[in-house]
Amino acid sequence: MRHLLTLVALLAGLLPPIRAHAHALEPGYLEISQETDSDWHVFWRKPDVRGAPMDIDVTLPENCSAPAFDAPVFDGRAWTQVWRMTCGQDLRGNMIGIDRLEAQRTDVLLRVGYLDTVNMATFRLTPDAPSVMLPAQHSLLQTLWQYGVLGFEHILEGWDHLLFVFALLVLIRNLRQLIWTVTAFTVAHSITLGLATFGVLNVPGPPVEAVIALSIVFLATEVLRSDDKPKTLASRFPWVISFGFGLLHGLGFAGALAEIGLPEQDIPAALLAFNLGVEAGQLAFIFAVLAVFVTLKKTLQVVWGWTMAQGPSRQILGYPIGCIAAFWLAERLAGF
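All values reported here derive from a predicted model rather than from experimental measurement. (Residues numbered from 1 in each chain as written. Predicted model: local features only at pLDDT ≥ 70, side-chain atom pairs only at ≥ 80, totals over all residues. Heavy atoms only, no water.)

Visitor: How would you sum up the pattern of salt bridges? Please name residues and give values.
Guide: All chains considered together, the criterion is met by twelve salt bridges. The residue Asp 57 makes a salt bridge to Lys 46 at a minimum N-O spacing of 3.1 Å. A residue pair is termed long-range when its members are at least 10 positions apart, and Asp 57 in strand S4 (residues 57-59) and Lys 46 in strand S2 (residues 39-49) qualify at eleven residues. Given the relative accessible area of 8%, Lys 46 is considered buried. (Salt bridge = Lys/Arg side-chain N within 4 Å of Asp/Glu carboxyl O. Helix = DSSP H or I, 4+ residues; strand = E, 2+ residues; numbered from the N terminus. Buried < 20%, exposed > 50% of the residue type's maximum accessible area, 1.4 Å probe, protein only.)

Encoded structure:
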C-alpha cells in the first residue's frame, strides 16, 4: 500500500501545475438600465484573457441602436465599456445574448432594470445557453436560483478553498469532529462574506489571497506532524483553526461576489442564495472525496486483499498539499 501511494504522489507531481489564482476565469457582467421610455444605459464588462478582452460581444434586439462608443478599458481585472442605446420598444419580450460565448469556458451575468419596476431582473448566460428571452416579469425565485448556481460553481472552481477543505479531511479522521470543524468553517466565511458585502469590512484582495494560501501551508504542516509529537491547538481543537481561517476565506468569497455584482433591491436574497450555493458545492466536494476513498478502500480489499484501516497516509498527502500551497503563496506575494 505504501508503494502504491508513493506512486500516486509521484504521478501527481508530474501533472501540469495548477495556476495560483484563487478562482477560475471570472464571469462577464452585462447591466442594462432603462433611463427613459426609449433610452437605456449599458455597462459591459468582459473577462481578461492574457491581457486582452475576451472575444465575446453583446447581441441586442434589432430595434435598438447605439452610437459609436469607446474601446474597452482595463480596470485592473477586466475590460469595461459604457454606452447608451435607443430602442423602439420595451426590451421585455426581446432576445439578448452574448455572441461567441459558446466557444468560452465562462458565464455572463445579465441584469436588466426597468422604469416601472424596483428590482432588476437577473439572468445567467452560459456557453450552452448564450441568450435569453426577457420575460414580462421577473420573480425573486429566479434571482435565488441564479445566485445559488453562481455560488455552487464558484466554490467548485476555487482550487484554494477546495484544497483547504481537502486538508481538513486528511487531518481529521473522526467524523463527528470533522462535521464540527467544517461547520465552523462555514459559519466563519458566511460572517465575513456578509460583512464585506454590506461594506462593514473592506480588505484588499491580494493580501487576502496570500493569507488563504498561507492557511493551507499551515494545515499541511499539521497533516505532516507525527502522532507521537505533542498535541497542537490544531489537532486538539481543529474547529478553532478552521473558524479563524474561515473568516479569511469569506473575504475571498466576497471579492468574487463583488466582481459578479448584486441586484441592489435583492441584496439579502442574492447573498443568501450565493452563500447556500457555496455550501452546497462544498458539501458536494466533501461527499465526492469520501466516496472516492470508500471506493478505493473496497477495491483494494476485493482485488488485492489490501486493507486501509486508517485511510491514505497523511504524510503522502501532506507533502503535495504543502507544495501546491507554498507555490501559490510565493506567486501571490510576488504579485503584490
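Continuing now.
Visitor: An account of the nonpolar core is needed here, citing residue identities and associated values.
Guide: Side chains of a nonpolar character, in soluble globular proteins, are inclined to be buried together. With 44 residues, the main nonpolar core has Tyr 147, Phe 164, Leu 193, Ile 216, Leu 257 and Ile 321 as its most contacted residues. Elements supplying a minimum of two residues to this core: helix H2 (140-157), helix H3 (159-171), helix H4 (175-197), helix H5 (205-224), helix H7 (238-260), helix H8 (267-304) and helix H9 (314-334). In terms of residue count, the dominant contributor to this core is H3 (nine residues). Excluding anything up to four places from it in sequence, Ile 321 contacts Leu 163, Phe 166, Ala 167, Val 170, Ile 216 and Ala 220. (Core = buried A, V, L, I, M, F, W, Y, C linked by side-chain atoms within 4.5 Å. Contact = heavy atoms within 4.5 Å.)

Visitor: Can you explain the packing of H3 against H5? Please cite residues and give values.
Guide: In the contact formed by H3 and H5, the axes pass within 10 Å of each other and the chain directions differ by 20 degrees. One finds that H3 runs roughly parallel with respect to H5. The handedness of the crossing between H3 and H5 comes out as left-handed. Residues Asp 160, His 161, Leu 163, Phe 164, Ala 167, Leu 168, Val 170 and Leu 171 of H3 form the contact with H5, whose own contacting residues are Glu 209, Ile 212, Ser 215, Ile 216, Leu 219, Glu 222 and Val 223. Of the residues contributing to the contact of H3 with H5, the split by class is ten nonpolar, two polar and three charged. (Axes fitted to C-alpha atoms, helices over the stretch in contact; angles between N-to-C directions. Parallel < 35°, antiparallel > 145°, perpendicular 65-115°, else oblique. Left-handed = near helix turned anticlockwise from the far one by under 90°. Nonpolar A, V, L, I, M, F, W, Y, C, P; charged D, E, K, R; others polar.)

Visitor: Give a detailed account of the state of the cysteines, specifying residues and quantitative values.
Guide: What the rule picks out here adds up to one disulfide. The side chain of Cys 64 participates in a disulfide bridge whose partner is Cys 87; the two sulfur atoms lie 2.0 Å from each other. What sets the handedness of the Cys 64 and Cys 87 disulfide is the S-S torsion sign, and at about 110 degrees it is right-handed. Pair noted here: Cys 64 is in strand S5 (residues 64-65) and Cys 87 is in strand S7 (residues 78-87), with a separation of 23 residues, a long-range link. (Disulfide = S-S within 2.5 Å.)

Visitor: Please give an account of the pairing of strand S1 (residues 28-34) that cites residues and values.
Guide: With six of seven residues buried, S1 is to be regarded as a mostly interior element. With six bridges joining them, S1 and strand S9 (residues 108-113) adopt parallel strand pairing. Note that in S9 the partner of Gly 28 across the bridge is Val 108. Across six bridges, S1 lies against S2 in antiparallel orientation. Each bridged residue has a counterpart across the sheet, and for Ser 33 the counterpart in S2 is His 41. Adjacent in sequence and paired antiparallel, S1 and S2 are bridged by four residues. (Pairing = 2+ DSSP bridges.)

Visitor: Give me H2: which residues, what numbers.
Guide: Relative to the 26 Å expected for 18 residues at 1.5 Å per residue, H2 spans 26 Å between its end C-alpha atoms, a close match to the ideal helical length. Residues Thr 143, Gln 146, Tyr 147, Gly 148, Val 149, Leu 150, Gly 151, His 154 and Ile 155 constitute the buried set of H2. (Expected span 1.5 Å × (residues − 1).)

Visitor: Describe the packing of H5 against H9, naming the residues involved and giving the relevant values.
Guide: Where H5 meets H9, the closest approach of the two axes is 8 Å, and the angle between their N-to-C directions is 160 degrees. When the axes of H5 and H9 are compared, the pair comes out roughly antiparallel. Note on packing geometry: the crossing formed by H5 with H9 is left-handed. The residues of H9 that touch H5, namely those facing Glu 209, Ala 210, Ile 212, Ala 213, Leu 214, Ile 216, Val 217, Ala 220, Glu 222, Val 223 and Leu 224, are Arg 314, Gln 315, Gly 318, Tyr 319, Ile 321, Gly 322, Ala 325, Ala 326, Trp 328, Leu 329, Arg 332 and Leu 333. When grouped by side-chain class, the residues that make up the contact of H5 with H9 number 16 nonpolar, three polar and four charged.

Visitor: Tell me about the sheet that holds strand S11 (residues 131-133), and please be specific about residues and values.
Guide: A sheet is described by the order of its strands in space; here three strands give the open sequence S4-S8-S11, paired in antiparallel fashion. Both edges of this open sheet fall to S4 and S11, since each of them pairs with a single strand only. Averaged over neighbouring strand pairs, the angle between their axes works out to 15 degrees when direction is ignored. Bridge count between S4 and strand S8 (residues 95-99): three bridges; the pairing is antiparallel. Each residue of the ladder has a partner; that of Asp 57, found in S8, is Asp 99.

Visitor: Can you tell me about unusual backbone geometry, naming the residues and giving the values?
Guide: A positive phi angle is found at Arg 50, which is not glycine, with a value near 50 degrees. Here Arg 50 shows up in the loop between S2 and strand S3 (52-53). A positive phi angle, close to 70 degrees, is found at Arg 100, a residue other than glycine. Relative to the helices and strands, Arg 100 is located in the loop between S8 and S9.

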